[in-house]
Amino acid sequence: MEGSAIRLRDLRKSFGETDAVAGVDLDIGDGEFFSMLGPSGSGKTTVLRMIAGFETPTSGRIELAGQEVTGLAPFERDVHTVFQDYALFPHMTVEQNVAYPLKVRKVPKAERLVRARKALTEVRLEGFGKRRPAQLSGGQRQRVALARALVGRPRVLLLDEPLGALDLKLREQMQVELKALQREVGITFVFVTHDQEEALTMSDRIAVFNQGRIEQVGAPAEIYERPATAFVASFVGTSNLLEGESAQRVVGTPGIYSIRPEKIRVLKESAEPDEPEHTTAVGTVAEVVYLGDATRFLVDLDAGGRLTALQQNLETSAEDVAAYRGTRVRLQWNRRHTVPVPDHR
Ligand code: ATP
């Protein structure tokens, strides 16, 4: 890829018997918001730490902006890492914290101040420069850490679950802000998370990790709508697979199929299958979960297997929902939402 900010080739890392990273090839473009998504222990942090230079690869190659950096120390690489615990200096003011990387690089004091204030403005913390970290909220501390990362204008910003310590509301707010900030500054962001919603919301592209390998790389919609493996289908979004006998009976051909819950409509069993392009399956409601804005139906199909359907609560109330348990229903979805999933097992 022309203009690759990061290029990884057959990257591996073993800790004793554990193959934490088992052969990763990846090209991340200049200015991309790229997320590494995967369950705990899938190797994404280790990849990030190798890009940063905190961890030495067992084998393989790392390039930053076309230069091989595999053996270089962290400070010799044009990257900056933001950690989940922020790692701010408690005895320094916010301004001093943000200016610190410039001080290390012997930037003159007056310029340091100007640039630190600019970075604080970028993260919407103007006026907070004289406080100490202890006098800030969690979200504000996170912004200070971001300002400190941005102040030296690195080519690449590495973020290791940076929103992990925030509560849900603040987390969602920071997701929007972080994305806007990235667009504004145009720096390549590599973001590690195990939260699929977070990855889908913010990223230009996502790499889904499983057991030290990448299972799929693609834009959020691609990953969600066209999962390349059964693992991706079940890790990103609610797992909703038809396979074996039930796949044969419902879809008409054997295989593994993913159907997203929000694509499935819940109808009365007696409802006539109306459109030829629709697939239908009848079954019994095993469980209903009222979610406020929507309801989740878990339906045991007569053909075998269980599907989850998500319906918006346009007219339904919580009482209506409870009455559904144990009733017979017909599920219906457009055939194009039946996505074949390659079987790698
Ligand atoms: P998490 O989301 O929990 O941070 P992760 O996907 O980032 O998980 P890694 O932290 O990269 O996963 O870990 C991958 C594997 O390597 C795990 O099995 C982990 O136990 C192991 N591992 C990581 N660091 C070390 C280490 N310094 N020594 C030994 N084993 C390690």
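Here we summarise the structure given alongside this text. This one's a predicted model, so the numbers in the text were calculated from it and none came from an experiment. (Residues numbered from 1 in each chain as written. Predicted model: local features only at pLDDT ≥ 70, side-chain atom pairs only at ≥ 80, totals over all residues. Heavy atoms only, no water.)

Structural notes on unusual backbone geometry
In step 1: With a phi close to 45 degrees, Arg-153 is a non-glycine residue in the positive phi region.
In step 2: Positioned with a positive phi, Gln-211 is a non-glycine residue whose angle comes to about 50 degrees.
In step 3: Position of Gln-211 relative to the elements: it lies in the loop between strand S9 (205–210) and strand S10 (213–218). (Helix = DSSP H or I, 4+ residues; strand = E, 2+ residues; numbered from the N terminus.)

Points about the sheet that holds S9
Hydrogen bonding along the main chain pairs the strands of a sheet, whether they run parallel or antiparallel.
In step 1: What the six strands build is an open sheet, ordered S6-S7-S8-S3-S9-S10; its pairing is mixed. Edge positions in the open sheet fall to strand S6 (79–82) and S10, since each of these has one partner strand only. The sheet shows a mean angle of 20 degrees between the axes of neighbouring strands, taken without regard to direction.
In step 2: Pairing geometry for strand S7 (residues 156–160) and strand S8 (residues 188–193), over five bridges, is parallel. The partner of Leu-157 across the bridge, within S8, is Phe-189.
In step 3: Seen against the sheet, helix H5 (residues 168–185) touches strand S3 (33–37) and S8 and runs at an angle of roughly 155 degrees to S8. (Pairing = 2+ DSSP bridges. Axes fitted to C-alpha atoms, helices over the stretch in contact; angles between N-to-C directions. Contact = heavy atoms within 4.5 Å.)

Section: the environment of Trp-333
In step 1: Mapped onto the elements of the fold, Trp-333 is located in strand S17 (residues 328–334).
In step 2: Using a relative accessible area of 1% as the deciding quantity, one classes Trp-333 as buried.
In step 3: Distance from Trp-333 to Glu-315, taken between C-alpha atoms, is 20 Å for residues 18 residues apart in sequence.
In step 4: If near-sequence neighbours (up to four positions away) are discounted, Trp-333 is found in contact with Leu-242, Val-250, Ile-259, Lys-263, Ile-264, Glu-277, His-278, Thr-279, Ala-281, Leu-307 and Thr-338. (Buried < 20%, exposed > 50% of the residue type's maximum accessible area, 1.4 Å probe, protein only.)

Focus: the site of the ligand
In step 1: Taken together, Phe-15, Thr-18, Ala-20, Pro-39, Ser-40, Gly-41, Ser-42, Gly-43, Lys-44, Thr-45, Thr-46 and Glu-161 form the complete shell of residues around the ligand.
In step 2: A distance of 3.5 Å separates an oxygen atom of the ligand from a polar backbone atom of Pro-39.
In step 3: One of the side-chain N or O atoms of Lys-44 is found 2.7 Å from an oxygen atom in the ligand.
In step 4: Among the residues making up the shell around the ligand, the classes are represented as three nonpolar, seven polar and two charged. (Near = heavy atom within 4 Å. Polar contact = N/O pair within 3.5 Å; in protein donor to acceptor, adjacent residues only side chain to side chain. Nonpolar A, V, L, I, M, F, W, Y, C, P; charged D, E, K, R; others polar.)

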